[in-house]
Amino acid sequence: MCGLFGFSRYANGSFKDINALTRSLAEESTVRGTDAAGISYCHSGNLRIVKEGKSASLIDFKHPDTVRAVMGHTRHSTQGSEKLAYNNHPFPGHVKSTRFALAHNGVLWNDEEMRKKHHLPKTKIQTDSFIAVQLIEQKRQLNFDSLRYMAEQVEGSFRFSILDQRDNLYLVKGDSPLSILHFPKEKIYVYASTESILYRALVDSPLFSSMKQGEYETVPIDRQFPQIRRKNQPDRSLHWWS
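Conventions we followed
Residues numbered from 1 in each chain as written. Predicted model: local features only at pLDDT ≥ 70, side-chain atom pairs only at ≥ 80, totals over all residues. Heavy atoms only, no water. Axes fitted to C-alpha atoms, helices over the stretch in contact; angles between N-to-C directions. Helix = DSSP H or I, 4+ residues; strand = E, 2+ residues; numbered from the N terminus. Parallel < 35°, antiparallel > 145°, perpendicular 65-115°, else oblique. Left-handed = near helix turned anticlockwise from the far one by under 90°. Contact = heavy atoms within 4.5 Å. Nonpolar A, V, L, I, M, F, W, Y, C, P; charged D, E, K, R; others polar. Buried < 20%, exposed > 50% of the residue type's maximum accessible area, 1.4 Å probe, protein only. Pairing = 2+ DSSP bridges. Core = buried A, V, L, I, M, F, W, Y, C linked by side-chain atoms within 4.5 Å. Phe/Tyr/Trp six-rings, centres within 6.5 Å; stacked < 30°, edge-to-face > 60°. Lys NZ or Arg CZ within 6 Å of the ring centre and 35° of its normal.

> Give a description of the packing of helix α1 (residues 18-28) against helix α5 (residues 195-203) that names residues and reports values.
Angle between the axes and distance between the axes: these two values describe a pair of packed helices. As a packed pair, α1 and α5 sit with axes 8 Å apart at the nearest point and diverge in direction by 140 degrees. Between α1 and α5, the angle falls in the class oblique. Viewed along their axes, α1 and α5 form a crossing whose handedness is right-handed. Along its contact with α1, which presents L21, S24, L25 and E28, the element α5 presents I197, L198, R200, A201 and L202. Here the residues of the contact of α1 with α5 sort into six nonpolar, one polar and two charged.

Structure representation (structure tokens):
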């Protein structure tokens, strides 16, 4: 059990103290994992990943108020020691001229099988989740097709978040929970693993006033998002924000 959280804004300019939103989402997400935590965001055209092998409640995550998107992860270790930074999320990836970061919640049980089947390179990363990065890299592009390919290859429980250096944020939902809210006035989507985490985080964020006044919308993932279907597997939902 791990936690995913983050946001995507679709308007330019500063958002007053948006760091408070990131920190609140990260801290509330510790209920799903305290072994490690990390975030990824873009600044000046560069994709940045910040992660540490300790609870998010002990990390003071900071980024510019002008960032358009942040994706984060809190880890409950199941495979690969959190004391080794490269085992923690988000993981870096690279396709052609695009760099991306990927985070995963769940357990994948066919990672070694996929690595052999697709002749993927060996890696020092011990975490099962990293196979998702390698499968995307194998397609040499980051888009709906490569994400669909990855989601149809892996077996297990999952949801993925992927952020690229152009502030495109992708969410791939398998049978793990995910909750998303849209705040039209602030022009921002905010997500977390569960509804309870999301609502608790927003109480201590700049969005609390709009939430209190009911100025938000729940995003119905399974109805609105394109579906990835695989025989004998749960529905997988895929969405993208830019």
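> How would you explain unusual backbone geometry if you had to name every residue and give the values?
A cis geometry characterises the amide bond from H89 onward to P90, with omega recorded as -5 degrees. Secondary-structure assignment places P90 in the loop between β4 (69-75) and β5 (91-95). Positive phi, close to 60 degrees, is recorded for R140, a residue that is not glycine. In this fold, R140 is placed in the loop between α3 (130-139) and α4 (144-153).

> Quick one: what's the story with the pairing of strand β2 (residues 36-43), residue by residue and with numbers?
Extensive coverage of β2 is indicated by the burial of seven of its eight residues. Across six bridges, β2 lies against β4 in antiparallel orientation. Paired with Y41 across the two strands is V70, which belongs to β4. Pairing analysis gives seven bridges linking β2 to strand β3 (residues 46-52), with the strands arranged antiparallel. Bridged to I39 within β3 is V50. Between the antiparallel neighbours β2 and β3 lie two residues, among them S44 with a positive phi of about 55 degrees.

> Describe the nonpolar core, naming the residues involved and giving the relevant values.
Ranked by size, the top nonpolar core spans 26 residues in total, and within it F7, L21, F183, I188, V190, L202 and L207 carry the most contacts. Elements supplying a minimum of two residues to this core: β1 (3-9), α1, β2, β9 (179-183), β10 (188-192) and α5. If sequence neighbours within four positions are ignored, L21 has contacts with F7, I188, V190, L202, S205, P206 and L207.

> Can you lay out the packing of aromatic side chains for me, pointing to particular residues and giving the numbers?
Given two aromatic rings, their pairing is described by the distance between the two centres and the angle made by the two planes. Taken as a whole and judged by the stated rule, the model has six aromatic pairs. For the ring pair F91 and F130, a centre distance of 5.8 Å and an interplane angle of 65 degrees mean the geometry is edge-to-face. A residue pair is termed long-range when its members are at least 10 positions apart, and F91 in strand β5 and F130 in helix α3 qualify at 39 residues. No difference in accessibility class separates F91 from F130, as the two residues are buried. Between the NZ or CZ atom of K139 and the centre of the ring of Y149, over which it lies, the distance is 4.5 Å.

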